[in-house]
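What follows is each chain in one-letter form.
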Amino acid sequence: MENPLREALWRAGHGHAGVVLVLALVALRYVDEANLSDGWKRVAREAIPFSAILLPLGFFLSVLDPGATEPNALIYLVYAGAVLLAVGLLVLGIGLIRTRAG
């Protein structure tokens, strides 16, 4: 790896893939316990794992060219994945708080 940018983004992609995947597996365990409608459960059930795909994909695809000096526009997949992760966790968190309160 002679390109430090590529090395850093590939390292970030692998790190995010592992951490978010474990988070998704743990979150999926709690979705059925949350006090949410079926539609909101589906949002939580799909948004969190899908973010585990989008986040690393953005890191990997943004520096496919070995001579890249800056990431290409596919880096925005990282932001899309982060938004999905935030939405999924927020919905799940609200559902779990509602379960605890009720």
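Conventions and cut-offs
Residues numbered from 1 in each chain as written. Predicted model: local features only at pLDDT ≥ 70, side-chain atom pairs only at ≥ 80, totals over all residues. Heavy atoms only, no water. Core = buried A, V, L, I, M, F, W, Y, C linked by side-chain atoms within 4.5 Å. Buried < 20%, exposed > 50% of the residue type's maximum accessible area, 1.4 Å probe, protein only. Helix = DSSP H or I, 4+ residues; strand = E, 2+ residues; numbered from the N terminus. Contact = heavy atoms within 4.5 Å. Axes fitted to C-alpha atoms, helices over the stretch in contact; angles between N-to-C directions. Parallel < 35°, antiparallel > 145°, perpendicular 65-115°, else oblique. Left-handed = near helix turned anticlockwise from the far one by under 90°. Nonpolar A, V, L, I, M, F, W, Y, C, P; charged D, E, K, R; others polar. UniProt positions renumbered as here; feature names shortened; annotations may be inferred. Expected span 1.5 Å × (residues − 1). Polar contact = N/O pair within 3.5 Å; in protein donor to acceptor, adjacent residues only side chain to side chain.

Let us look at the nonpolar core. General note: in soluble globular proteins, nonpolar side chains tend to be found buried as a group. With 20 residues, the main nonpolar core has I48, F59 and L92 as its most contacted residues. Going through the elements one at a time, α1 (4-31), α2 (38-61) and α3 (76-101) are the ones with two or more residues in this core. The dominant element in this core, judged by the number of residues it contributes, is α1, at six residues. In this structure, F59 is in contact with L9, A12, G13, H16, I75 and V78, ignoring residues within four places of it in sequence.

For the pair α1 and α3, interaxial distance at closest approach is 11 Å and the crossing angle is 30°. Looking at the two axes, α1 sits roughly parallel to α3. Crossing geometry of α1 relative to α3 is assigned as left-handed. Touching V20, L23, A27, Y30 and V31 of α1 are L85, L89, L92 and L96, all from α3. Residue classes in the contact of α1 with α3 are distributed as nine nonpolar, no polar and no charged.

Turning our eyes to something else, we now look at the UniProt feature "transmembrane region" (unreviewed entry) in the protein chain. In this structure's numbering, the residues bearing the UniProt feature "transmembrane region" (unreviewed entry) are residues 12-31, 43-64 and 76-97. When the span residues 43-64 is considered, its composition is 86% helix and 0% strand, and the gap between its end C-alpha atoms is 31 Å. The span residues 76-97 carries 100% helix and 0% strand; its end-to-end C-alpha distance comes to 32 Å.

On to the environment of F59. Turning to its location among the elements, F59 is positioned in helix α2. For F59 and A12, which are 47 residues apart along the polypeptide, the C-alpha to C-alpha distance reads 6.9 Å.

In a regular helix each residue adds 1.5 Å, so 28 residues correspond to 40 Å; α1 covers 40 Å between its end C-alpha atoms and thus fits that length. Among the residues making up α1, those that are buried are R6, L9, A12, G13, V20, A24, A27 and V31. Where α1 is buried, its residues touch α2 and α3. Between the side-chain oxygen at the start of α1 and the backbone nitrogen of L5 there is a gap of 3.1 Å, and the oxygen is on N3.

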